[in-house]
Amino acid sequence: MAAKLETVLELSCTPQQFFTVWKSEAHQIPNHTPNNIHAVDVHEGDWETAGSLKAWKYTVDGTTETFKERIEVDEENMKVTLVGEEGDVMKSYKVFKPIYYLAPKGNGCLATCVIEYEKVNENVPAPDKYMEFMINATKEIDAGLVGAK
């Protein structure tokens, strides 16, 4: 059964800055959050084309993992979806989609962080550790983007 986790973070960067780094500058993300995300490589396609396959190496809860995803971009709604294809997380979840919705707020933005998921079985816990990872990485990316102005 499909489920989701969701939280909202207030960021100092603009919605466009955060959206752009995910949409076309993902190779910069490890520079902003090196403790969380160690590397990202294009596996198929390129950095800017929706549907390109990217391979991520990251540490969550003290364990180094990999994740391959295809990005979906919704420019009009400032939404980025990472559709999980392969990797460690896919051993526990049939569906795993981290999503960012971005909206302006003052000089910064609100980032709604969502993880849509479907467990492989009922014994698998909700992906709380991945939501914590997403929150920490988002805050560090925001700090890196604001520092880069």
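Residues numbered from 1 in each chain as written. Predicted model: local features only at pLDDT ≥ 70, side-chain atom pairs only at ≥ 80, totals over all residues. Heavy atoms only, no water.

1. A look at unusual backbone geometry
Move 1: Despite not being glycine, Asp61 shows a phi value in the positive range, around 55°.
Move 2: In this model, Met78 sits at a positive phi of 50°, which is unusual for a non-glycine residue.
Move 3: With respect to the secondary-structure elements, Met78 resides in the loop between β4 (63-74) and β5 (79-87). (Helix = DSSP H or I, 4+ residues; strand = E, 2+ residues; numbered from the N terminus.)

2. Here's the deal with the pattern of salt bridges
Move 1: Scanning all chains against the criterion turns up eight salt bridges.
Move 2: Among the ionic pairs, Glu85 bridges to Arg70, the shortest N-O distance being 3.7 Å. With a gap of 15 residues between them, Glu85 in strand β5 and Arg70 in strand β4 connect regions that are remote in the sequence.
Move 3: The exposure class assigned to Arg70 is partly exposed, which follows from its relative accessible area of 26%.
Move 4: Linking Lys94 and Glu118 is a salt bridge whose minimum nitrogen-to-oxygen distance equals 3.4 Å. Taken together, the positions of Lys94 in strand β6 (residues 93-105) and Glu118 in strand β7 (residues 108-119) put the pair 24 residues apart, joining distant regions of the chain.
Move 5: Within this structure, Glu44, Arg70 and Glu85 form a network of salt bridges that share partners. (Salt bridge = Lys/Arg side-chain N within 4 Å of Asp/Glu carboxyl O. Buried < 20%, exposed > 50% of the residue type's maximum accessible area, 1.4 Å probe, protein only.)

3. Quick notes on the pairing of β6
Here is the key point about a regular strand: its side chains alternate between the two faces of the sheet.
Move 1: Of the strand pairs in this sheet, β5 and β6 are connected by three bridges, and their pairing is antiparallel. Within β6, the residue paired with Thr81 across the bridge is Ile99.
Move 2: In this structure, the hairpin formed by β5 and β6 is closed by a connection of five residues.
Move 3: Pairing analysis gives 12 bridges linking β6 to β7, with the strands arranged antiparallel. Across the sheet, residue Pro104 finds its bridge partner in β7, namely Cys109. (Pairing = 2+ DSSP bridges.)

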